[in-house]
Amino acid sequence: MEKFGHRERFAGLAIYDTKDKLVAATPQLGSDLATPPLFVVHAMNSDEEGGTFLPLGGKERYLHVLPLHREERVAGALVIFYESAFIEERISLIWKNNFFRFLINALIISLTTLLLIRWSVTGPIDRMAQWLKNLRTKKENAPFSLPPGGILAPLTREVEHMAQSISAARASAEEEARLRREGESTWTAERLKEHIRNLLQDRPLFVISNREPYSHVLKGKKVEWLVPASGLVTALEPVLKACGGTWIAHGSGDADREVVDSRDKIRVPPEEPQYLLKRVWLTKEEETGYYYGFANEGLWPLCHITHTRPSFRFGDWEYYYAVNRKFAEATLQEIEGISEPLILIQDYHFALLPRMIKDARPDSRVALFWHIPWPNPESFSICPWQRELLHGMLGADLIGFHIQFHCNNFLETVDRALESRIDWEHFLVNRDGHTTLVKPFPISIAYPALPTRSTLARSPSPDKEGIFKELGIRGKYLGVGVDRIDYTKGITERFRAIERFLEKYPPYQGLFTFVELGAPSRTHIKAYHDLMGEVEGEVDRINWRFQTKEWKPIIFLKKHHSHEEIQPFYEAADLCLVTSLHDGMNLVAKEFVGAKEEEKGVLILSQFTGASRELKDALVVNPYDLEQVAEAIRQALEMSPEEQRARLQRMRETLKERNIYRWAADLTSGLAQIRLGKEA
Ligand code: F6P
């Protein structure tokens with residue numbers, strides 16, 4: 001007691017026995033504690049330690065009671081008295097301290113939040129607003145970007161898309177206006193839109209093809225989309241983008257079903273929907289028999305003179321018929337309730353479709369465009385179902401080929417195989433009272449290319465040096481080839497011609513590199529599978545013969561390349577080699593010329609392509625003649641810049657005049673004329 005008695009803030013200590021007698025107490029407690037307070041008595045009775053506030057000696061005290069024991073029984077209690085004013089003081093101090101701490105924390109949190117908001121919300125919004133303003137007032141052209149992953153990322157993406165659309169629309173309007181000023185001869189997306197609107201009176205346009213313009217594929221667990229490597233898609237997409245409508249095609253992507261609605265439709269392009277894509281599903285057996293079998297092992301080699309023997313199997317024919325029927329049903333469903341619908345059927349996959357549609361809907365206007373060559377009647381006659389195919393095709397009101405020569409071959413084939421009346425002056429076939437007009441419509445590309453969202457978003461293309469660097473080689477001259485790996489494209493002939501060129505002109509060794517951007521195609525067919533091996537073998541052999549530590553003559557990039565990936569190669573290349581052994585048109589040739597804004601570069605073009613009839617300023621070659629192609633490569637690399645420019649200018653002029661909008665306008669006008677009874 002003496003020891004604790006003088007502790008600061010203690011009011012004192014007291015000990016009581018169980019007879020409520022004060023045994024000892026510190027002096028400052030005073031005399032009124034001779035008997036224990038009731039709380040202490042209860043603590044001793046219940047043998048429980050505890051504390052309470054009590055008014056003692058005129059002051060508020062806190063007392064803490066500890067029962068004391070002797071031989072395990074309660075013998076008394078120790079009572080500790082505190083000044084309660086001190087406790088209150090401490091409590092108020094704690095409150096005060098906490099209040100300040102809380103205040104400081106709140107201040108820090110508020111400041112940090114403000115800074116964060118400024119940095120990640122209002123700052124970017126301000127910048128975005130300023131950028132939009134600049135865009136509106138035409139002070140800005142550069143793409144807008146914010147650090148990825150911020151909380152505004154989704155909004156940024158949308159604003160970015162919207163702004164790109166606005167820029168594209170503005171640029172396109174300006175270009176349209178410019179072209180209009182320059183004269184009415186140029187067909188533009190806008191002009192085609194007007195033309196189709198007048199023609200269709202707001203009825204939708206229908207396009208049918210095997211290949212779809214967009215396919216959705218699984219990349220890990222994510223669904224991505226891609227544009228297949230196809231001349232047909234390159235050509236027709238701008239038409240659908242301009243006119244809207246419905247494109248019916250085989251849904252071949254492994255994630256295609258995941259993204260369509262209940263009617264198997266999806267609006268595309270995925271980033272900026274402008275028309276409808278309706279997908280038709282095929283079983284594996286149907287795809288094998290109709291696409292790989294009859295269309296690509298039968299009709300494809302039949303129509304291309306490349307000395308690859310066609311295979312005709314009855315089972316494949318049955319599938320071909322069944323799939324044509326399936327597409328007919330899908331189309332009939334789509335055109336239900338629409339009077340005189342305009343239907344553009346594409347290619348050799350659907351020779352039977354025109355008749356199937358016309359039989360069910362005689363009021364429909366049907367055109368069939370054949371994207372590949374048509375052989376002479378002797379060649380075609382080896383097909384066991386030639387009569388059925390021709391009969392199916394002649395269901396169309398209009399049949400188009402790329403060139404007159406193929407029209408003539410077709411008419412001669414009909415003349416020999418079917419009973420019909422042919423008007424050779426007007427290229428009309430009359431069979432069973434129905435007339436079909438047969439006419440050439442050279443297909444093309446969207447040129448001049450109007451800026452689109454994806455072209456606007458594209459970062460500047462790497463130049464030739466950048467490309468060489470990315471490829472990990474040194475070089476001075478760049479050649480490019482872009483193909484589906486197909487035996488009609490003359491790819492191995494092209495490589496052998498490059499080999500011959502390097503052999504004949506050794507100073508170019510170490511300087512000239514040819515890059516082949518080759519998309520694997522139809523690989524389940526043996527001829528294509530074998531070709532891939534042959535192409536790779538030739539690349540290896542030629543590289544092994546000439547390559548050095550820092551240089552290779554041929555680089556084969558075997559994959560599907562997007563338009564955006566191909567563009568830099570077109571732009572940077574000194575020459576482009578198109579060496580098809582036989583090709584309906586070949587749009588790579590036109591794309592290369594279209595990409596040459598700087599008017600530098602040379603196109604070497606096979607005489608067996610439809611394109612060679614129009615692009616006369618290319619160096620036209622026979623791809624089987626390796627000496628001639630090797631010579632053309634040398635001539636291209638040594639051609640003066642003036643000559644390159646002059647040739648490209650003339651070819652670009654041709655492209656401008658005969659672009660894809662004109663193709664679509666001519667085709668649809670042809671159909672309309674038939675409707676009015678003014679055939680041809
Ligand atoms: O241009 C001819 C063509 O057969 C098109 O019909 C087709 O879209 C393209 O080549 C690509 O072939 P595929 O569709 O068989 O990959």
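Residues numbered from 1 in each chain as written. Predicted model: local features only at pLDDT ≥ 70, side-chain atom pairs only at ≥ 80, totals over all residues. Heavy atoms only, no water.

Caption draft 1: Inspection of the packing of aromatic side chains at higher detail. The full count for this structure, using the stated rule, is 31 aromatic pairs. Ring plane angle 55 degrees and centroid distance 5.9 Å describe the contact between F294 and F312, whose orientation is recorded as tilted. Placement of F294 in helix α8 (residues 284-303) and of F312 in the loop between α8 and α9 (314-335) is noted, with a sequence separation of 18 residues between them. Take F294: its relative accessible area is 0%, and that puts it in the buried class. An aromatic cluster of at least three residues, connected via ring pairs, comprises Y290, F294, F312, F314, W317, Y320, F327, F350 and W385. One Lys or Arg, R522, reaches over the ring of W300 and ends 4.1 Å from the middle of that ring. (Phe/Tyr/Trp six-rings, centres within 6.5 Å; stacked < 30°, edge-to-face > 60°. Helix = DSSP H or I, 4+ residues; strand = E, 2+ residues; numbered from the N terminus. Buried < 20%, exposed > 50% of the residue type's maximum accessible area, 1.4 Å probe, protein only. Lys NZ or Arg CZ within 6 Å of the ring centre and 35° of its normal.)

Caption draft 2: Region of interest: the packing of α8 against α9. At a closest axis distance of 8 Å, the pairing of α8 and α9 adopts a crossing angle of 110 degrees. It follows that α8 is roughly perpendicular to α9 by the angle criterion. The handedness of the crossing between α8 and α9 comes out as left-handed. Counting all contacts with α8, which are made through E285, E286, G289, Y290, G293, F294 and L299, the residues of α9 involved are D316, W317, Y319, Y320, V323 and K326. Taken together, the residues of the contact of α8 with α9 sort by class into 7 nonpolar, 2 polar and 4 charged. (Axes fitted to C-alpha atoms, helices over the stretch in contact; angles between N-to-C directions. Parallel < 35°, antiparallel > 145°, perpendicular 65-115°, else oblique. Left-handed = near helix turned anticlockwise from the far one by under 90°. Contact = heavy atoms within 4.5 Å. Nonpolar A, V, L, I, M, F, W, Y, C, P; charged D, E, K, R; others polar.)

Caption draft 3: Representation of the sheet that holds strand β16 (residues 428-431) within the structure. Across the sheet, which stays open at both edges, the 10 strands sit in the order β10-β11-β9-β6-β12-β13-β14-β17-β16-β15 with mixed pairing between neighbours. The open sheet has two free edges, formed respectively by β10 (265-268) and β15 (421-423), since each of these has just one partner strand. On average, each strand axis in the sheet is inclined to that of its neighbour by 20 degrees, with strand direction left out of account. Note: strand β14 (residues 398-401) against strand β17 (residues 434-440), 4 bridges, orientation parallel. The partner of L398 across the bridge, within β17, is L437. The strands that helix α10 (residues 353-360) touches are β6 (205-208), β12 (342-346), β13 (365-369) and β17; relative to β13, the one it contacts most, it runs at about 180 degrees. (Pairing = 2+ DSSP bridges.)

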